[in-house]
Amino acid sequence: MHTVVLVLIQVLIIIGLSRIMGLGCRVFKQPLVIGEMIAGIVLGPSLLGLVAPTLATTLFPTETFPFLNMLSQVGLIFFMFLIGLELDSKYLKSNLDIAILTSHVSILVPFSLGSILALLLYPLISNASVAFTAFALFLGAAMSITAFPVLARIITENNLQGTRLGTLALTCAAVDDVTAWCLLALAIAVTRTNSILGAVPTILQSLVYIGFMVTVVRWFLENLSSQYNRTGRLSQLVLAGIYMGVVASALITELIGIHLIFGAFLLGAVMPKNPGLVREIAQKTEDFVLTFLLPIFFAYSGLRTQIGLLNRPELWLLCASVVGVAIVSKYFATYAAARVFGIEHREASALGWLMNTRGLTELIVLNIGLSLGVISPILFTMLVIMALVTTVMTAPLLEWTYPKHLNKLDVVQPEPQVESGGEAIEPTYRVLVPVANPSTQKGLLQLAVTIAGNDLQSVAVHPLSLIQLEEDYMFQSTPAEADRLIQERRLQLEALIQTLEPAETRFYVHPIVRIANDVARATAELVQLDRTNLILVGWHRPAFSSNRLGGRVGQILSTAPVDVAVFVDRGEDRLESILVPYAANIHDDLALELALRLLVNGERRSLTVLGVVQGNEDFRELSYEFRSLMEHLPSHVRDRIDIQVIQSPTPMQVVVEASSLVDLTIAGTSRTWGIERQTLGRYTDELAIECCSSLLITRRYAQVTSHLASVLSIPNVSLSEDESGFGA
Amino acid sequence: MMSHFNLKTLTFYAVAITSVVVLFKGVTAYGNEHLKAPPAVGGVYRINAQSLPGCLQSDTLVLTIKQSGIYLFGFLRPGEAPPQMTTIAAEKPSLSGQFNHQQLRLNGAIPWITRCRHGQAQQINIQGIVQGETLKGQITLNSTPTAEFTAQRETSME
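Read on for a plain summary of the structure. All residue numbers refer to positions counted from 1 along the written sequence of the respective chain. All chains are assigned letters beginning at A, and all ligands numbers beginning at 1, according to the order in which they are written. Local features in this predicted model are restricted to residues whose pLDDT is 70 or higher, and side-chain atom pairs enter the listing and the counts only when it is 80 or higher, whereas totals over whole chains, interfaces and linings include all residues. As a rule here, side-chain values come from all non-hydrogen atoms in the structure, and water together with hydrogens is ignored.

Some points on the overall build of chain B
Thought 1: For chain B, the helix and strand inventory stands at two helices and eight strands.
Thought 2: Segments assigned H or I by DSSP are reported as helices when at least four residues long, segments assigned E as strands when at least two residues long, and all are numbered from the N terminus. Along chain B, from the amino end to the carboxyl end, the secondary structure elements read α-β-β-β-α-β-β-β-β-β.
Thought 3: As a reference, a globule follows 2.2 Å times the number of residues to the power 0.38, and the radius of gyration itself is taken over C-alpha atoms. Taken against the 2.2 N^0.38 rule, which gives 15 Å for 158 residues, the C-alpha radius of gyration of chain B at 24 Å runs more than 25% over that of a compact globule.
Thought 4: Structurally, chain B occupies a C-alpha span of about 80 × 30 × 25 Å along its principal axes.
Thought 5: A separation of at least 24 residues holds for 43% of the contacts in chain B among residues at least 6 apart in sequence.
Thought 6: In short, Shrake-Rupley with a 1.4 Å probe defines the accessible areas, and a residue's cover is counted only from the protein chains shown. When the accessible area of chain B is evaluated, it comes to approximately 8200 Å², of which 58% is carbon and sulfur surface.
Thought 7: Measuring between centres, the 12 positive side-chain charges of chain B sit 8 Å from its 8 negative side-chain charges. Contact definition: two residues touch when any of their heavy atoms are within 4.5 Å. The convention is simple: Lys and Arg are positive, Asp and Glu are negative, and His and the chain ends are not counted. All charge positions are set by atom: Lys at NZ, Arg at CZ, Asp at CG, Glu at CD.

Now the structure itself:
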């Protein structure tokens, strides 16, 4: 087969598997980089080569490696440019002194311990053609790495960018990144010349080049930035010039004797951080680099990783010592430094785990080391395992030491609180309203406010906007960009809130805007943290398919540990007459409770409770609890309730006809009304289609939740399944 | 930013960096002086196999050795093996061993020597000394008597 054809087939396999593995990692709350690293290892001799060597060599023959290497190097150059591009001085804002010192301690200690570990490893897994100094420098550099890009994404995904911990970790990682690259440049220079003295000319040339970049090139780029401000767009000609600059800078650093990647990184780093310009360059560059070229780099690394080489217990012990020294030195150095500078235990500990994230940056260092021959294939494999372990462990350990429910305590700029007489008041009834599109969901939020009522002291409505980030490394996933998206969305929600009536209700509507990868799961977590009583979710898809409540609404219905109401808005502004089709089940109880709450909150509203008796069933009396509840209602509420019982073989038709006379129908997710909790049943959601009024579909989660206690001062106002309704 | 360069911070940096530099100097001085990594013996060796025992007897055999310090991995293949066989064999080296006291030892299976595939599983044991580009050693196939061989390194690899 022609080599080019084979390489293209390889690229297909690599990108496909990377995506699948990345999706798998999402399930386990792991960053995409882990999936891509694993995909590379799977395709290499560690797995495919082991179980199907013939297939492995047919798909990945060695003669194609130079092509893959070339593609991965191009990807790496532009990826490093993107890393430099997103290295913004605005990250250097929080506790700069503490961050710089902590960061440097977190480099110096692993570097020192890495050098000491070299004493053990050098005679065993290196060879005489490598100088000990170069070996020790490389091992020290590999130990002291923190992957800024991966760490920045973990911080964004955990919504930590606004917390003291998040800003501190970002500052530390940014400083760490620059320092570690300098250390790596030194290690490469020493390796190539085999002595520190021999590396001095390379170091001097590098310093001159850095000076040139931060003065002359920076001045030139400032002019480019000014021109961008005038024109407001980045032409292809200018972009071509920037890309040529990236490649030229990479070539210069390679000629100096450090490495291609430093030139590309430098150009990105000195680029003026004009938000519009940076965003446009990043967006035009990243799609192809991140989705096409970077997975090839991972695959190429995986093809060089041979876990099978660790075929003796002593080699696994050595591997454990490498992983152990890397984790322990980084964690304790960071922790101790942070503690010395007055950071409290929990934050210092979380910072220690965050700084352990090595991920992609480590792989870049290792591949350079292997190509230069300074690290052997066995040490390469051990360090890849170390990079995997340290990256995988970050998210769970961060959650363990710094659980989400404590994040809010450390927010740098706390959200405004409702205060009364100097004391913050905790609302007793909270409604969470996931808002996908603020411009079309006014009706939903207005209903939430209407259900919540007018008692400003005891209720809270939280419009929830979750911003889903698609990719790990995308520019939009950087903390600064995520912050911008959050602010933008918050402004949209604030504008929506200002349209709510009556005006005083706007006081208790507090939007929550967060980053989330799994919207349903994040909603469920938030419900538990905020002790929400009800989720009110909108559903405005015009054409219903057989899987009616699928998608995110279906996921929220299935996973949220709280009562949920799904609102199908027919655009009816008025809310004076309500219909509750009522049968004996807990979901209808919720429907009735919400209807009564609306009744209490609006003096002009009326409620019709409709019972349908099918076939030859006899009409039975209302249950004791139902009657008791009615009796406890104030007369001005009870007088507006009309209970009707109709005998009909087609309850659905009766409800549909009755719905034409009301503004809102509230129905539990019962089979009686053709709506199921799970959406893939044989029952169809006929009511959702046929209902003439706006429809609220309720699904009860907890029988102990009462939606009436906060508006009625009567005990035991909640209905439950076995004791309520018609019959029983 | 200016507060970052106060006396306390600068003292801390001076002490920290001096300590690390002194430690690194000490470690590298000790390493360069006292630690000896094994010489690079990895490579492709062509063996004149006419005097080798049993099914190994042929015109030439090629021994590929991959080295990671004292740990060796490799495989033995016929001299005229197709390139794909070499690639497949490299994916899953069938020989492993160590380099100690200037002597290399490798043992394992020889799945790529067609004539040795019949009958019981064939195990070989190779011991030898590398002098320059020449490997002088002994080879044992199962329980057959040991035979001596000389091989020339064609290409070296790390």
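Looking at the overall build of chain A
Thought 1: Secondary structure assignment for chain A yields 27 helices and 12 strands.
Thought 2: Exposed residues in this analysis have more than 50% of their type's maximum accessible area, buried residues have under 20%, and partly exposed residues fall in between, with area computed by a 1.4 Å probe over protein chains only. Per-residue burial for chain A yields a buried fraction of 61% across its 728 residues.
Thought 3: If you take every contact in chain A between residues at least 6 apart in sequence, the share linking residues at least 24 apart comes to 81%.
Thought 4: With the model as given, the accessible surface of chain A reaches about 28200 Å², and the carbon-plus-sulfur share is 60%.

Quick notes on the packing of aromatic side chains
Thought 1: Each aromatic pair joins two rings of Phe, Tyr and Trp (for Trp, the six-membered one) with centres within 6.5 Å, and gets the label stacked for planes under 30 degrees apart, edge-to-face for over 60, and tilted for any other angle. Under the counting rule described, the total for this entry stands at 14 aromatic pairs over all chains.
Thought 2: When the centroid spacing of 5.2 Å and the interplanar angle of 85° are considered together, the rings of A:Y122 and A:F132 count as edge-to-face. Taken as a pair, A:Y122 in helix α6 (residues 96-125) and A:F132 in helix α7 (residues 132-144) lie far apart in primary sequence, 10 residues in all.
Thought 3: Here B:F12 and B:Y13 contribute two aromatic rings whose centre-to-centre distance is 5.9 Å and whose plane-to-plane angle is 65°, an arrangement assigned as edge-to-face.

Looking at the interface of chain A and chain B
Thought 1: Listed as interface residues are 45 residues of chain A and, on the opposing side, 39 residues of chain B.
Thought 2: Across the chain A to chain B interface the summed buried area is about 3600 Å²; carbon plus sulfur atoms make up 67%.
Thought 3: In what follows, salt bridge is the name for a side-chain nitrogen of Lys or Arg lying within 4 Å of a carboxyl oxygen of Asp or Glu. Taken together, the links from chain A to chain B amount to zero salt bridges.
Thought 4: A 3.5 Å cut-off defines polar contacts: any pair of N or O atoms within that distance qualifies, except that in protein one atom must be a possible hydrogen donor and the other a possible acceptor, and neighbouring residues in sequence count only when both atoms are side-chain atoms. In this assembly, chain A and chain B are joined by six residue pairs in polar contact (both at pLDDT 80 or more).
Thought 5: Breaking the side of chain A that touches chain B down by element, the ones donating at least two residues are α3 (48-51), α4 (53-59), α6, α7, α14 (313-340) and α17 (377-401) of chain A. Buried area is a sum: the accessible area each of two parts loses on coming together, probed at 1.4 Å, counted once for each and added.

Thoughts on the sheet that holds strand β9 (residues 606-613) of chain A
All names here are of chain A.
Thought 1: Pairs of strands are assigned from DSSP output, requiring at least two bridges between the strands. Ordered by their spatial adjacency, 10 strands build an open sheet running β5-β4-β3-β6-β7-β12-β11-β8-β9-β10, and the pairing between neighbours is mixed. The open sheet terminates on both sides in strands that have one partner only, identified here as β5 (512-515) and β10 (641-647). On average, adjacent strands in this sheet sit at an angle of 25° to one another, irrespective of strand direction.
Thought 2: In this structure, strand β11 (residues 664-668) lies alongside strand β12 (residues 694-699), joined through five bridges in parallel fashion. From the neighbouring strand, I666 faces β12, where its bridge partner is L696.
Thought 3: In the packing of helix α19 (residues 442-452) onto the sheet, contacts are made with β3 (429-434), β4 (459-467), β6 (534-538), β7 (563-568), β11 and β12, and the angle to β6 comes to roughly 155°.
Thought 4: Helix axes are fitted only over the stretch in contact, all axes being lines through C-alpha atoms; the angle between N-to-C directions runs from 0 to 180 degrees. Against the sheet, helix α23 (residues 586-601) engages β3, β4, β6, β7, β8 (577-581), β9, β10, β11 and β12, with an angle of about 150° to β11.

Overview of a nonpolar patch on the surface
Thought 1: Patch definition: residues above 30% relative accessible area lacking any salt bridge, with like charges linked at up to 9 Å and the nonpolar side chains Val, Leu, Ile, Met, Phe, Trp and Tyr linked at up to 5 Å. Judged by side-chain polarity, A:L197, A:V200, A:L204, A:L207, A:I210 and A:V214 come together as a nonpolar surface patch covering roughly 550 Å² of accessible area.
Thought 2: With respect to the helices, strands and loops of the structure, A:L204 is situated in helix α10 (residues 196-231).

Some details on the pattern of salt bridges
Residue and element names in this part refer to chain A.
Thought 1: Taken as a whole, this structure holds 14 salt bridges over all chains when the rule is applied.
Thought 2: With a shortest N-O distance of 3.5 Å, K330 and D176 are connected by a salt bridge. Of the two residues, K330 is situated in helix α14 and D176 in helix α9 (residues 164-193); the sequence distance between them amounts to 154 residues. Like K330, the residue D176 is buried in the burial classification.
Thought 3: Here D563 and R700 are joined by a salt bridge, their closest N and O atoms 3.7 Å apart. On the criterion of sequence distance, the pair formed by D563 in strand β7 and R700 in the segment after β12 is long-range, its members being 137 residues apart. The burial state of D563 is the same as that of R700; both residues are buried.
Thought 4: Salt bridges sharing partners connect three or more residues here, namely D563, E593 and R700.

A closer look at the state of the cysteines
Residue and element names in this part refer to chain A.
Thought 1: Criterion for a disulfide: a pair of cysteine sulfur atoms at a distance within 2.5 Å. Enumeration over the complete set of coordinates arrives at zero disulfides over all chains.
Thought 2: Cysteine C25 remains unbridged, with the sulfur of C319 as its closest cysteine sulfur at 19 Å.
Thought 3: Take C25: its relative accessible area is 9%, and that puts it in the buried class.
Thought 4: Note on C172: no disulfide assigned, nearest cysteine sulfur contributed by C182 at a separation of 17 Å.
Thought 5: Here C172 falls in the buried class, since its relative accessible area comes to 0%.

Here's the deal with the nonpolar core
Residue and element names in this part refer to chain A.
Thought 1: By nonpolar core is meant a set of buried Ala, Val, Leu, Ile, Met, Phe, Trp, Tyr and Cys residues that side-chain atoms within 4.5 Å join together. I364 and M382 are the most contacted members of the largest nonpolar core, which totals 145 residues.
Thought 2: Sequence-distant contacts of M382, defined by excluding residues within four places in its chain, comprise I125, L310, L315, L318, C319 and V322.
Thought 3: With 54 residues, the next largest nonpolar core counts L493, I578, L598 and L664 among its residues.

All quantities given are derived from atomic positions and should not be read as evidence of function.
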